Amino acid sequence: MLLAKQIAGFLSKTGKDDLYKVEKGVLVKVLLNKVVNTEVLAIGGGGAGVTAAIGAARKGAQVTLVSKGKVGNSGNTIMIGGSYAMDGHSAYYKFGIKEADKELTKDILFNQIVRDSFYLSEQDIVEQFVEESPDIIYEVKQWADQAGQKFIFRKPATWNMSGNAMGKALQHGLKQEDVEIIEDVIIVDLLKDGDKVCGAVGIDIYSGEIIQFNAKAVVMGTGGYQPFTLKNTNSDMTGDGVAMAFRAGAQLADMEFLLYLVTCLEPNEVKGSILPVFFVFNPNFKYRVTDANGDEIVIPKELKEIEVKSELGKLIELYYYGKCVLEGRGTEDDGVYFDFSDMSEDEIDDMFEDLIKSFLTEVYKDGFYHGDDVRAYKEFCKKHKRVKIGLGNEYTHGGIVINEKMESSIEGLYAAGECSSGAFGSNRVADAVVEMLVQGIRAGKSAAEYSKNKEVNPCNKMAQEIAKETLRYFENKKGISAVEANLEIERISDKGLSFFRTEEGLDQAIAEYQQLEEKMNNMVLKSKSRLYNYEWIQAIQAKNRLLCAKLSAIMAKERKESRGMHLRADYPLVDDDNFLIRHIAELRNGVINLSTKKPKVTKLEIPKGGKTEYIDYILNNEMGLENISYEEER
Amino acid sequence: MKFEVFRFNPEVDDKPYYQSFDLDITKEDRFTVMDVLNAIYTSHDSSLSFFSHSVCNHGICGRCSVKVNGKVKLACTFMVEEDLVIEPRTNRVVKDLIVR
């Protein structure tokens, strides 16, 4: 015992007593450095996590909010580029906004979201979205005003804002509630007491310390996943919440539907910016879209009209540009060109200056979109007369299965925002911004109500096991690195999971994901230090990213039709006879179990069957939510 | 181009040092400092710590700032045109380019 005491003393002097301790006279490694006890644990520093924390705190729960980055300054929330909207009727009558279009009622918004989803929306979730969103939208707008942030009104009832301003508004709202905030901590896995979720284990990214969170309920507000090389989202989008919910036994759905947006491929410094989205909507912006050879990609006139004024532009661009790439006519990095060669330098100047002055300067500093220099981009366009544009995966429809109270399929776990599924079916219109806020606040309230009078046993044994598994990376001697793993995920996804999928391509992708999964059981780290070891963090994220990509490919293979953001080269028709269903995945005894479910109908009957050409479906089903006006008049 | 990068792991190093990396890039490649750090991390030394989690890469979050030739700049928007010395923003170093 004397020896143990000496060791303890030595450890204390050297500052290593947080890593090793003496137990029964033996020196053992400390696996868990810290324990946090709370009632509701909200995970995620964006709009879903913040509003969940606020919702739970207002119901009187003790709340802890844990974020991988800084709260209100991380995740996809700050990437909003961007606006959010409520129905014009509520804006006009409930909040007295006289410029709002009062003809756009809740019913119209509901019908449009469901129709534009290709009828895969869960209608009870859409009802919650439409009914409860005006209040939280208005409240967040007030937080923005109080925090001195610009949210600029546009018809029908939309506010144009930057992601940075949204983040600041959320921080302001959160400040008014009693919430414990823990930042720069990545959650690794959920804790379970029998069938109930009872907390989580995380890593402090800076110190490498491992933290056990004991909670009565957990809300996921962790965002989506992005498995491709081209990135237009925050680097956080690794599907952590979706993957850990799945490992904990929760059902996932709609993983095959990945949303693509026109995204800069060049010049290098703006690669990943979604600036070209504004070219499409701005009525003064003229360009021809061409393939790599300079031949025009013709979009029929009736579709061009839908593209410029409604949110279906995304589908039309995915279909026509995607087809060009599929036929081998795209650029070497799977893009197309926006061509300005018909225009003079003055005309290009005027066009960009109009975009900057009529829209971007409302919310960004002059000449910028976020931190990207639009005038430098303009000069590039003038010099080359054309610019490469790709299709970047910006949002994931799929994720954790929830009901209208944001309950997942397992007790004690709730989900909100992009990591959930069900609101938008196969094609998101309306706003992901609204989704995160309206589901977040509801999830927080539901979790707080559930937590009342609940007793939960701390899951110490499971926490130890997770910590041990998390630290195993440091002991691996041979294997692939996290960098290699991520490059491989991207290579497989670019080839097999991207736009216009085929049976053969998906089979190969699934097989390759599985081989990679085995290799990734033994990832190695170059640095053995726990201090800001990004390779370690990336290894953990890569496992989540791979799991999400694999489930996406598995569901994409099952869906032998084209619908919304899922296009199949070998099954080009929208098949209402067989695929008006959602695919569900669930882990049972370590095996992925697939099933299907019909979306719930509350108000809008689903049309009777048939097989339709994809483009005809878009033209003939009263689709196309017009969510924001970019015209001069406000 | 040549990049002198500040390195320090307080767990093993007695004092900071500078490590030199040669990257086969030119001004025309329009690299940002973040691209340079990513290239070093991906192809040369994955033990380099620089701001890498929750990166917006478009000048939004303001968390990736480092000293570039002595001046504090955002890594994700600062354009690389010449050889650079890259150092942490302050002297409160956690590891390499990461500060508290």
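What you see is a predicted model; the values in this text were computed from it and never measured. All residue numbers refer to position in the chain's written sequence, counted from 1. Chains carry letters from A onward and ligands carry numbers from 1 onward, assigned in written order. The predicted nature of this model means local features are confined to residues of pLDDT at least 70 and side-chain atom pairs, given and counted, to a pLDDT of 80 or more, with totals for whole chains, interfaces and linings taken over all residues.

Residue and element names in this part refer to chain A. Strand order in the open sheet formed by four strands is E3-E12-E11-E10, with mixed pairing between adjacent strands. Here the strands that pair on one side only, and so sit at the sheet edges, are strand E3 (34–37) and strand E10 (185–193). The mean inter-strand angle of the sheet, taken between neighbouring strand axes irrespective of direction, is 25°. Alignment of E3 against strand E12 (residues 210–214), held across four bridges, turns out to be parallel. By the bridge assignment, Asn37 is partnered in E12 with Asn214. For two strands to be treated as a pair, DSSP must find at least two bridges joining them. Secondary structure elements are taken from DSSP: a helix is a run of H or I of four residues or more, a strand is a run of E of two residues or more, and numbering for both begins at the N terminus. For every element, the axis is a line fit to its C-alpha atoms; helices are fit only across the contacting stretch, and the angle between N-to-C directions ranges from 0 to 180 degrees.

Residues and elements named next belong to chain A. To form a nonpolar core, buried Ala, Val, Leu, Ile, Met, Phe, Trp, Tyr and Cys residues must be joined through C-beta atoms within 7 Å. Exposure classification rests on a simple neighbour count of other C-beta atoms within 10 Å of a residue's own: a residue reaching 20 or more is buried, one at 12 or fewer is exposed, and one in between is partly exposed. C-beta atoms are placed from the backbone. Membership of the largest hydrophobic core comes to 220 residues, with the highest contact counts inside it found for Val40, Ala53, Val218 and Val219. Looking at this core element by element, the count peaks at 14 residues for helix H17 (residues 534–558). For every domain, the bounds stem from an assignment made automatically or drawn from a database. Shared between two domains, this core takes at least three residues from each, and those domains are domain 2 (260–393) and domain 3 (464–602). The contact criterion used is a C-beta to C-beta distance within 7 Å, with each C-beta placed from the backbone. Here Val219 is in contact with Val40, Ala42, Ile43, Ala52, Tyr414, Ala416, Ala443, Gly444 and Ala447, once residues within four sequence places are set aside.

With that settled, the discussion passes to H17(A). A helix is expected to span 1.5 Å for every residue after the first. Between its first and last C-alpha, H17(A) extends 36 Å over 25 residues, near the 36 Å set by a 1.5 Å rise per residue. Judged by how many residues are buried, H17(A) sits mostly within the fold: 23 of 25 residues are covered.

Let us look at the packing of helix H16 (residues 503–519) of chain A against H17(A). Residue and element names in this part refer to chain A. Contact geometry for H16 and H17: axes closest at 9 Å, N-to-C directions at 155°. As far as their axial angle goes, H17 and H16 are roughly antiparallel. Crossing of H16 against H17: the hand is left-handed. In this structure, H16 contributes Glu503, Leu506, Asp507, Ala509, Ile510, Tyr513, Leu516 and Glu517 to the contact, and H17 contributes Leu546, Ala549, Lys550, Ala553, Ile554, Ala556 and Lys557. Gly is put with the polar residues, along with every residue not named as nonpolar or charged; the nonpolar set is Ala, Val, Leu, Ile, Met, Phe, Trp, Tyr, Cys and Pro, and the charged set is Asp, Glu, Lys and Arg. Tallied by class, the residues present in the contact of H16 with H17 amount to ten nonpolar, no polar and five charged. An angle below 35 degrees is treated as roughly parallel, one above 145 as roughly antiparallel, one from 65 to 115 as roughly perpendicular, and anything else as oblique. Handedness of a crossing follows from how the near helix is turned relative to the far one, being left-handed for an anticlockwise turn of less than a right angle and right-handed for a clockwise one.

All right, on to the pairing of E12(A) then. All names here are of chain A. Buried residues dominate E12, accounting for five of its five residues. Here E12 shows two buried faces, one formed by Ile210, Gln212 and Asn214 and the other by Ile211 and Phe213. Inspection of the sheet shows strand E11 (residues 196–204) paired to E12 by five bridges, in the antiparallel sense. Within E12, the residue paired with Ala200 across the bridge is Phe213.

Before going further, it helps to spend a moment on the domain arrangement of chain A. Accessible area lost upon the coming together of the parts serves often as the stated size of an interface. Residue and element names in this part refer to chain A. Domain parsing of chain A yields domain 1 (2–30), domain 2 (260–393) and domain 3 (464–602). Distance between the C-alpha centres of domain 2 and domain 3: 30 Å. With five residues, helix H10 (residues 313–326) is the single largest residue contributor to the side of domain 2 that touches domain 3. Its residues assigned to classes, the side of domain 2 that touches domain 3 comprises five nonpolar, one polar and one charged.

Glancing now at the interface of chain B and chain A. Counting from both sides, the interface comprises 27 residues of chain B and, opposite them, 32 residues of chain A. Taken together, the residues of the side of chain B that touches chain A break down into eight nonpolar, 13 polar and six charged.

Next up on the list: the pairing of strand E8 (residues 158–162) of chain A. Residues and elements named next belong to chain A. Burial analysis of E8 places five of its five residues in the buried class, the great majority of the element. Alternating residues of E8 divide into Thr158, Asn160 and Ser162 and Trp159 and Met161, and every residue in both groups is buried. Hairpin remark: strand E7 (residues 152–154) followed by E8, antiparallel, with three residues in the connecting loop.

Moving on to the packing of helix H2 (residues 47–58) of chain A against helix H6 (residues 163–175) of chain A. All names here are of chain A. At a minimum axis distance of 10 Å, the contact between H2 and H6 shows a crossing angle of 15°. The orientation of H2 relative to H6 falls into the category roughly parallel. The way H2 lies across H6 gives a crossing that is left-handed. Contacts between H2 and H6 involve Gly47, Val50, Ala53 and Ile54 on the former and, on the latter, Met166, Leu170, Gly173 and Leu174. Among the residues making up the contact of H2 with H6, the classes are represented as six nonpolar, two polar and no charged.

Residues and elements named next belong to chain A. The three strands lie next to each other as E6-E8-E7, forming an open sheet whose pairing is antiparallel. Only two strands of the sheet have a single partner each, and these edge strands are strand E6 (81–85) and E7. Each strand of the sheet is rotated relative to its neighbour by a mean of 35°, with strand direction disregarded. Sheet topology places E7 next to E8; three bridges connect them, and they run antiparallel. If you follow Arg154 over to E8, its bridge partner there is Thr158.

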